[in-house]
Amino acid sequence: MNADLHCHSFVSDGTLDPQSVAARAHANGVELWALTDHDEISGQQRARDAALALGMSYLTGTEISVSFAGNTVHILGLGVDVEDAALQAGLAATRGGRRERALEMADGLAKVGIEGTFEGALQYVGNPQLISRTHFARHLVDTGVCTDTQEVFRRFLVEGRPGFVPHRWATLRDAVNWVTGAGGLAVIAHPARYRFTPTEEYALITEFIAHGGRGLEVVTGSHSAAEAQRYAATAVEFDLLASRGSDFHSPEESHTDLGTLPALPAHLRPVWEALEGRIQHPA
Ligand code: AMP
Ligand code: MN
Ligand code: MN
Ligand code: MN
């Protein structure tokens, strides 16, 4: 099964519209797809309609920003009911504050002589409620300040750098509850990306499970083969369902294209087995 359950459209910080992401996933052989925009579900109808029209099965999705132990963690919600009022309110609250944060980021960059980045980043935004660091990065590359987005993050947008602004996202408990309350399954996204100590990682996983979280993203564009192996073992250790997703954002920037990932290790139980009743199949 070629499942790709993690990617972005311009409803968050991707560059393509939901229909074009669907078409690209289908062209790459994806059989089960989920669009998972950051803190947003307003692209879900377009994504689902496009997927079903192409003959591709669809799971609804979102990727929720969470603050945990002084770090940002991303929780995927798969198979959620997009009409669920608590989920909609929770995501709206999580999006709130992005504009103020972006204005502060621009102030920080102006202090090191880089002017006009708020207006610059806005040029790249598809959804005014979802201005993200990625949009600043694209602006700083296209204006020649840096040669690629990795360099922008390293020099300007991570902790200790002039464009970084600490931000308070959703709590782990709330994010998992919004997802499960809307009939979905919560998954810890790209676990190898967090700079946690082993103790903090243990706390993340055990608290996530205590709140009702059930999945771990094992195979993702953000993991090396060794990291995928390591988190396959973690999934077994904690009896978590395994997920697979490219985290595709853009044809120009993403090194892992939709649907072009290794298979999940055969001994793991995939999230989609527990989501059968939530998958929307083409007619
Ligand atoms: P935000 O939600 O505004 O904090 O932006 C986070 C987004 O920035 C992530 O979803 C990624 O798309 C992107 N990102 C984070 N770190 C990096 C990095 N080192 N290089 C490129 N993109 C990154
Ligand atoms: Mn992103
Ligand atoms: Mn993420
Ligand atoms: Mn993502």
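Note that this is a predicted model, so its numbers are computed, not measured.

Enquirer: Whenever I open this one, the overall build of the protein confuses me. Can you help?
Expert: Within the protein, the secondary structure is distributed over 11 helices and 8 strands. Its C-alpha atoms give the protein principal-axis dimensions of about 50 × 45 × 40 Å. The burial tally for the protein puts 54% of its 283 residues in the buried class. Across the protein, the fraction of contacts at a sequence separation of at least 24, relative to all contacts at a separation of at least 6, is 72%. Accessible surface for the protein amounts to roughly 12,000 Å². Of this, 50% is attributable to carbon and sulfur atoms. Within the protein, one finds 22 positive and 35 negative side-chain charges whose respective centroids are separated by 3 Å.

Enquirer: Is there a simple way to explain the coordination of the manganese ion (ligand 2) in this structure?
Expert: A metal bound by six donors in octahedral fashion has ideal angles of 90 or 180 degrees, whereas one bound by four tetrahedral donors has an ideal angle of 109.5 degrees. Only Asp13 (OD), His38 (NE2) and His249 (NE2) from the protein reach the manganese ion (ligand 2) as donors, at distances of 2.1 to 2.2 Å. Counting residues between consecutive donors of the manganese ion (ligand 2) along the chain gives the motif D-x24-H-x210-H.

Enquirer: Would you explain the site of ligand 1 in this entry?
Expert: Looking at ligand 1, the residues that line it are Asp13, His38, His74, Arg98, Arg101, Ser132, Arg133, Thr134, Gln150, Phe153 and His249. A distance of 3.0 Å separates an oxygen atom of ligand 1 from a polar atom in the side chain of Asp13. Contact distances for ligand 1 include 3.1 Å between an oxygen atom and a side-chain N or O atom of Arg98. A total of 500 Å² of accessible area belongs to ligand 1 in isolation, and the protein chains cover 77% of it.

Enquirer: What's the story with helix 8 (residues 172-181) in this structure? I'm lost.
Expert: Among all positions in helix 8, only Leu172, Ala175, Val176, Trp178 and Val179 are buried. All buried residues of helix 8 lie within an arc of 160° about the axis, which places them on one face of the element. Among the exposed residues of helix 8, those pointing more than 90 degrees away from its buried face are Arg173 and Gly181. The secondary structure elements touched by the buried residues of helix 8 are strand 4 (61-68), strand 5 (71-78), helix 3 (85-95), strand 6 (185-188) and helix 9 (198-210).

Enquirer: Please clarify how the sheet that holds strand 3 (residues 57-58) should be interpreted in this entry.
Expert: Across a sheet, strands are paired by hydrogen bonds formed along the backbone, either parallel or antiparallel in direction. Pairing is parallel across the open sheet formed by 3 strands, whose spatial order is 1-2-3. The open sheet is flanked by strand 1 (3-4) and strand 3, the only strands paired with a single partner. Strand direction decides the pairing type here: strand 2 (residues 32-33) and strand 3, joined by 2 bridges, are parallel. Bridge assignment links Leu32 to a residue of strand 3, and that residue is Ser57.

Enquirer: Please explain unusual backbone geometry as it appears in this structure.
Expert: When glycine is set aside, most residues are seen to have a negative phi, and most peptide bonds are trans. Even without glycine at this site, Asp39 takes up a positive phi of about 50°. In this fold, Asp39 is placed in the loop between strand 2 and helix 2 (44-54). Within the chain, Asp239 stands out as a residue other than glycine whose phi angle is a positive 55°. Within the secondary structure, Asp239 sits in the loop between helix 10 (225-237) and strand 8 (241-245). Asp239 sits in the exposed class, given a relative accessible area of 71%.

Basis of the calculations
- Residues numbered from 1 in each chain as written.
- Chains lettered and ligands numbered in written order.
- Predicted model: local features only at pLDDT ≥ 70, side-chain atom pairs only at ≥ 80, totals over all residues.
- Heavy atoms only, no water.
- Helix = DSSP H or I, 4+ residues; strand = E, 2+ residues; numbered from the N terminus.
- Buried < 20%, exposed > 50% of the residue type's maximum accessible area, 1.4 Å probe, protein only.
- Contact = heavy atoms within 4.5 Å.
- Areas by Shrake-Rupley, 256 points an atom, 1.4 Å probe, with all protein chains shown as cover.
- Lys, Arg positive; Asp, Glu negative; His and termini not counted.
- Charge placed at Lys NZ, Arg CZ, Asp CG, Glu CD.
- Donors = N, O, S within 2.8 Å, 3.2 Å for Na, K, Ca; no water.
- Near = heavy atom within 4 Å.
- Polar contact = N/O pair within 3.5 Å; in protein donor to acceptor, adjacent residues only side chain to side chain.
- Arc of directions from axis to C-beta.
- Pairing = 2+ DSSP bridges.

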